[in-house]
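Breakdown of the fold
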Amino acid sequence: MHNSPGFLAQLTPAQREAVEATEGPVLVIAAAGSGKTRVITRRIAHLVHLGIPPWQILALTFTNKAAGEMADRVRSLLGERDIDARGLTITTFHSLCARILRRYAEVLGVKGLDHTYSIYDSDDQSALMKRVLKRLDLSSGNFPPSTMLGRISNLKNQLVTVESAQGQAGDFFTRQVSRVYTAYDAALRENNAVDFDDLLMLTARLLREHPEVKAELQQRFTYLLIDEYQDTNHAQFLIASELADASKNICVVGDPDQSIYAWRGADISNILDFESQYPDARVIALGQNFRSTEYILKAADELIRNNEKRKHKDLYTEREGGVLPQATLCRDEHHEAEFVLDCFQRLHEEEGLRWSDMAVFYRTNALSRVMEETLRRAGVPYIVARGTAFYQRKEVKDALAYLKTITNPLDEISLRRIINLPARGISKTTMERLERFAIHTGTSLFEALRRVQEAPALNARAIASVQRFVSTVLGWQHEAHNTAIVSDSGDDGAATAHRFADFVRRVLTESGIEKHYKKLAVGEEDAQRLENLHELISSAADFALLWFSAENDEGRGVEIDRERPEQPTLLDVLRAWLEQVSLVADVDALDSEVGALSLMTLHAAKGLEFPAVAVIGLEEGLLPHGRSNESEDALEEERRLCFVGMTRAEQHLVMTCARRRTVRGVTQSSIASRFLGELPQDVVQFSDQSEVGYEFDDDADDPLDRARQEYPKGSMVRHPQFGVGRVHSCIPGGYVKIAFPTVGVKTLAIEYARLERVE
DNA sequence: ATGGCACTCCTTTTT
DNA sequence: GGAGTGCCAT
């Protein structure tokens, strides 16, 4: 037996088995909180310790955050024993595919796609889809872009090609979908662009159709590990299967009870059928929960038992007792937020929990707003898991569109975005004419811009403007292409970072967008925009520094990037940066070091844990979401979502629902979620606070009730300034709303308003 | 040509 | 409550 102290210590027999079963297919069913991350990281460390070259190991996750944390932990495990961890590939499915496609795009031989491709995010996708629908004359509204994109995404995840979609199309709607799919796909190729689903689909296709590439990659990666396997879709399944086909060293880790991405094409049968796919697979179940206290676990377990399509597995913990989870009915979303704040403030002050030990989860992003406002007012530091938010800001997208145009002038979505921003006299009419010219001559839009003099019906001013724009872009392109990014000697990365950031800065200046936003920057919001542009520049510098050290990390990316240019240029770094920027996830924004309370969707919460958790908005229509009414499967997924949220909690769990809630500006009364009814009464503390004021001291009588007694609805009061008015309502927090004939409805603080009852 | 304002419509979750 | 569109005034 190997003497590998450390990596096997402090593991249960099952965990240890999962770490040591290095050869052949392995399925680890890891229940919530069963030490999955511990097992995965030690398994990788163990492999390296056994002498497997790190670059032969590939670990795949769904988010950069998960990948980053995994890599950090493996590195520190190995670092403790002075083992070199360099060369490990721990990344997301999408990043891996993006890299593979950069390397093999030309081999793949898809017309219109080469290694300079752009990655379209959802905004770009929907911009492109709108153009496609317009061109097909389907922009009437019966075919909303989002629906179309959703359908196409499903097809791609199922690896259904344009051709087979056309073949299968049956009813009218499906036929239209396949028509749109065909046109949308063609449009992507015209732009030399791929969407997120293409990254997977095209990689799957590459592996299937090009045995020589497959063989190369199989040789490169002989040990494969996949996290959250229950959330893989068919394309991901195929990629994994193909990569593992030679070595059969594939270890998948997951939990069917935490499958929450079926709506995005995740196929739970990937994990359920693993054993029939690999009949000699080792199956290891990790059942003991090390995370949550007994009551929390019991409540979650009781809930998930309501799912009928499920193989039950017992959850057990040695952490007996604990604090009872609470389920509380609140008055409205403001009250709900105050209530959560109150609970957390108590934990912070009385139990010494740090803000970073706590998290609030919700079903939809829209629910974060009120919670955020409440926290801001209370001065509690918080962070919202919305990693994409920064890159979705208008000014940042504008800047990135300039950079994308430099790397890929065929990218029309980016080109259109910036062509007249800032306004440089290239009007809509001019663009329409140029577009017609492009179609007529069978060239790209950018090519048409280059040949603007040949285009008909353009005035001299427009031509001059276009020419100036084109030559600026060509100038950047030329420079980016011809500047070596790494200086010959003595560069520690700082020079590289500086050179890259400087280029980005110059693009922002010379394009005129910096000036454009500077001119606007009078208000606070506009100043923020300018600041964001500057932040983008420093993010470019940060990236270049990282890129530099990766580049000099011997053994890293050897085979995938084998044909990398000898002398990388500015353009290469720019491409790598834009790629990384395109693939950030919302959770990536979270950083437990910051010391802030975390706010995120239940989906983003998967894989995380916190000493204290609040799940808000447990109402019918919200959780389970209204859109899940259609099928029993969808409802069960909602229940799993709730389960995932609850099982993130280590010691304290608060669940809330509001009697009334304002959604999209309309206040509606709501019904408590059926999931609350499914929780066991004996280990969950239910309470109705909806009739109680904001004060939760049990013995203090309710100030709202008192106010209502003193100023009943409809009664008349006199105000020293406004005169006599009629009481409209009493508002929590010691306020009263009064309608005065003189000044209209006023909200006044009872304590200070010096009101007088009149008969 | 450009920018501002009022109108409508839509909203689940995400790489 | 937000984004996108279309119209109007500059």
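Sequence positions are assigned chain by chain, starting from 1 and proceeding in written order. Numbering of ligands from 1 and lettering of chains from A proceed in the order in which they are written. Totals for whole chains, interfaces and linings use all residues, but because this is a predicted model, local features are given only for residues with pLDDT of at least 70 and pairs of side-chain atoms are given and counted only at 80 or more. With hydrogens and water excluded, all non-hydrogen atoms of the structure serve as input to the side-chain values.

1. Thoughts on the overall build of chain A
The cut-off we apply is this: A run of H or I in DSSP becomes a helix once it reaches four residues, and a run of E becomes a strand once it reaches two; helices and strands are each numbered from the N terminus. Throughout, exposure labels follow a simple rule: accessible area from a 1.4 Å probe, protein chains only, divided by the maximum for the residue type, with under 20% read as buried, over 50% as exposed, and the rest as partly exposed. Any two residues whose heavy atoms approach within 4.5 Å at even a single point are treated as in contact. Calculation of accessible area relied on Shrake-Rupley with a 1.4 Å probe; when residues are assessed, cover is drawn exclusively from the protein chains displayed.
Helix and strand counts for chain A come out as 31 helices and 24 strands. Here chain A holds 759 residues, and 55% of them are scored as buried. A separation of at least 24 residues holds for 75% of the contacts in chain A among residues at least 6 apart in sequence. Summed over all atoms, the accessible surface of chain A reaches about 34,100 Å², with 48% contributed by carbon and sulfur.

2. Considerations on the pattern of salt bridges
The criterion, for reference: We define a salt bridge as a contact between a side-chain nitrogen of Lys or Arg and a carboxyl oxygen of Asp or Glu at a distance within 4 Å.
A complete count under the given rule lists 55 salt bridges for this structure. A salt bridge links K214 to D245, with the nearest nitrogen and oxygen atoms 3.7 Å apart. Note that K214 is positioned in helix 10 (residues 211-220) and D245 in the loop between helix 11 (234-244) and strand 7 (250-254), a separation of 31 residues in sequence. By relative accessible area, which is 37% here, D245 ends up partly exposed. Notably, a salt bridge pairs E412 with R416, separated by 3.1 Å at the nearest N-O pair. Taken together, the residues E412 and R416, both in helix 19 (residues 412-418) and four residues apart, mark about one turn of the helix. In this structure E412 comes out as buried when scored by relative accessible area, which is 18%. The structure contains a network of salt bridges with shared partners spanning K36, D227, E228, D231 and K606.

3. What about empty space enclosed by the protein?
The cut-off we apply is this: Only protein atoms enter the 1 Å grid used here, on which a cavity is any set of points holding a 1.4 Å probe that cannot leave and a pocket is any open set flanked by protein within 12 Å on both sides along at least five of seven lines; residues with an atom within 4 Å of a point are listed as lining. Grid points are joined across faces, edges and corners, and a volume is the space filled by probe spheres set on the points. Charged residues are taken to be Asp, Glu, Lys and Arg, nonpolar residues to be Ala, Val, Leu, Ile, Met, Phe, Trp, Tyr, Cys and Pro, and polar residues to be all remaining types, Gly included.
Applying the stated criterion across every chain yields a total of three cavities of 30 Å³ or more. Estimated volume of the largest cavity: approximately 70 Å³. If you go around the largest cavity, the residues you meet are R102, Y117, S118, I119, K404, T407, R575, L578, E579 and S582. Breaking the lining of the largest cavity down by element, the ones donating at least two residues are strand 4 (118-120), helix 18 (394-407) and helix 26 (570-582). When residues in the lining of the largest cavity are grouped by element, the largest group, four residues, is from helix 26. Broken down by class, the residue content of the lining of the largest cavity amounts to three nonpolar, three polar and four charged. Of the voids in this model, the second largest cavity is the one considered here, and its volume is about 60 Å³. Forming the walls of the second largest cavity are T22, R43, I44, L47, I57, Y223, L224, L225, N249, I250 and C251. Those elements giving two or more residues to the lining of the second largest cavity turn out to be helix 2 (36-49), strand 6 (223-226) and strand 7.

4. Points about the sheet that holds strand 12 (residues 358-362)
Stated precisely, the cut-off is as follows: DSSP-based pairing: two strands are paired if at least 2 bridges between them are found. Axis definition: a line fitted to C-alpha atoms, over the contacting stretch in the case of helices. Angles run 0 to 180 degrees between N-to-C directions.
Here seven strands make up an open sheet; going across it, the order is 13-14-12-15-16-11-19 and the pairing parallel. The open sheet terminates on both sides in strands that have one partner only, identified here as strand 13 (382-384) and strand 19 (685-688). Averaged over all pairs of adjacent strands, the angle between strand axes in this sheet comes to 20°, irrespective of strand direction. Here helix 15 (residues 333-350) sits on the sheet and contacts strand 11 (326-330), strand 12, strand 14 (597-601), strand 15 (610-615) and strand 16 (649-658); the angle it forms with strand 16, its principal contact strand, is near 160°. Where helix 28 (residues 632-646) meets the sheet, its contacts fall on strand 12, strand 15 and strand 16, and the angle it forms with strand 16 comes to roughly 135°.

5. Description of the sheet that holds strand 6
Read from one edge of the open sheet, six strands run 3-2-6-7-1-8, paired in parallel fashion. Two strands bound the open sheet, and with one partner strand each, they are strand 3 (89-92) and strand 8 (282-286). Across the sheet, the axes of successive neighbouring strands diverge by a mean angle of 15°, strand direction being ignored. For strand 1 (residues 26-30) and strand 7, the ladder comprises four bridges, and the chain directions are parallel. When the bridges of strand 7 are listed, L27 appears paired with V252. The sheet contacts of helix 4 (residues 93-108) involve strand 2 (57-61), strand 3 and strand 6, and relative to strand 3 the element is tilted by about 105°.

6. Considering the protein's contact with DNA strand B
Threshold: If a single non-hydrogen atom of a residue is within 4 Å of a molecule or strand, that residue counts as near it. We call two N or O atoms a polar contact when they sit within 3.5 Å, provided that within protein one can donate a hydrogen and the other can accept it, with sequence-adjacent residues counted only if both atoms are side-chain atoms.
In the neighbourhood of DNA strand B, 23 residues make up the surrounding shell, with R264, R363, A585, T601 and R664 lying closest. The sugar and phosphate moieties of DNA strand B supply 53% of its atoms located within 4 Å of the protein. Here a base oxygen of DNA strand B sits 3.3 Å away from a polar atom, N or O, in the side chain of H603.

7. Concerning the environment of T662
Structurally, T662 can be placed in strand 17 (residues 660-663). In this structure T662 comes out as partly exposed when scored by relative accessible area, which is 35%. Remark: the alpha-carbon pair of T662 and L583, spanning 79 residues in sequence, is separated by 33 Å. When near neighbours in sequence (up to four residues on either side) are disregarded, T662 contacts E333 and T667. A polar atom in the side chain of T662 sits 2.9 Å from the side chain of T667.

8. Some details on the nonpolar core
Across soluble globular proteins, you tend to see nonpolar side chains buried next to one another. For clarity, the threshold we go by: Here, nonpolar core means buried Ala, Val, Leu, Ile, Met, Phe, Trp, Tyr and Cys residues that are tied together by side-chain atoms lying within 4.5 Å of each other.
In this structure, V180, L199, L224, I226 and I250 are the most contacted members of the largest nonpolar core, which totals 68 residues. The residues touching I226, leaving out its near neighbours within four places in the chain, are L60, F93, T232, A240, I250, C251, V252 and V253. Listed in part, the 61 residues of the second largest apolar core include I406, V507, W547 and F548.

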